[in-house]
Amino acid sequence: MGNQKQKWTAEEEEALLGGVAKHGPGKWKNILKDPDFAPFLTHRSNIDLKDKWRNLSVSTTGQGSKKKSRAPKIKAITAAPIPNVQNSAPAAPLRRNASPDTVMDDAPNSTQEGKNAPR
């Protein structure tokens with residue numbers, strides 16, 4: 001099942017970086033065919049170059065090769081899910097000593113929209 005992974009040498013990394021500087025990212029076949037870089041990359045495929053470039057980009061920028069930065073996702077704190085068991089007794093209220101005017105959210109019956117709905 002495929003070749004064994006071989007650790008990249010400093011010469012191979014330099015050839016890859018030089019090839020990307022000359023031909024641009026995504027031109028892996030051109031880099032492999034270029035006589036300036038081919039002698040150093042004889043045991044590498046275009047997929048090897050792509051993967052190594054992605055890993056180098058992640059380690060140097062800290063965010064990967066994506067140019068678009070994303071805001072961190074904020075997770076809401078929710079109560080533990082109640083198992084869906086038939087013929088079970090109704091769940092106890094989440095809050096006790098609530099006044100009659102207090103509106104309480106009944107998690108199993110609350111409506112949720114879109115991709116956040118339970119599956």
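The text that follows walks through the structure, step by step, so that each part is easy to find.

Reading the values: the criteria
Residues numbered from 1 in each chain as written. Predicted model: local features only at pLDDT ≥ 70, side-chain atom pairs only at ≥ 80, totals over all residues. Heavy atoms only, no water. Helix = DSSP H or I, 4+ residues; strand = E, 2+ residues; numbered from the N terminus. Buried < 20%, exposed > 50% of the residue type's maximum accessible area, 1.4 Å probe, protein only. Contact = heavy atoms within 4.5 Å. Areas by Shrake-Rupley, 256 points an atom, 1.4 Å probe, with all protein chains shown as cover. Expected span 1.5 Å × (residues − 1). Arc of directions from axis to C-beta. Salt bridge = Lys/Arg side-chain N within 4 Å of Asp/Glu carboxyl O.

## Digging into the overall build of the chain
- In terms of regular secondary structure, the chain is built from three helices and zero strands.
- Moving toward the C terminus, one meets the helices and strands of the chain in the order α-α-α.
- Going through the 119 residues of the chain one by one, you find that 15% of them count as buried.
- Contacts in the chain between residues at least 24 apart in sequence constitute 38% of all its contacts with a sequence separation of at least 6.
- Approximately 10,900 Å² of the chain is accessible, and the part contributed by carbon and sulfur atoms is 52%.

## Regarding helix 1 (residues 10–23)
- When the terminal C-alpha atoms of helix 1 are compared, their 20 Å separation across 14 residues agrees well with the 20 Å that a helix rising 1.5 Å per residue should span.
- Every buried residue of helix 1 is listed here: Glu-12, Ala-15, Leu-16, Gly-19 and Val-20. The buried residues of helix 1 occupy one face: seen down the axis, they fall within an arc of 130°. Away from the buried face of helix 1 by more than 90 degrees, exposed residues Glu-14 and Ala-21 are located.
- The positive-phi residue at the C-terminal boundary of helix 1 is Gly-24, with phi of around 95°.

## Remarks on the pattern of salt bridges
- On inspection of all chains with the given rule, the structure shows six salt bridges.
- Notably, a salt bridge pairs Lys-22 with Asp-34, separated by 2.9 Å at the nearest N-O pair. Residue Lys-22 is found in helix 1, and its partner Asp-34 is found in the loop between helix 2 (28–33) and helix 3 (46–61); the two are separated by 12 residues along the sequence.
- Owing to a relative accessible area of 5%, Asp-34 belongs among the buried residues under this scheme.
- Ionic pairing is found between Asp-36 and Lys-22, a salt bridge with its closest N-O pair at 3.2 Å. Taken together, the positions of Asp-36 in the loop between helix 2 and helix 3 and Lys-22 in helix 1 put the pair 14 residues apart, joining distant regions of the chain.

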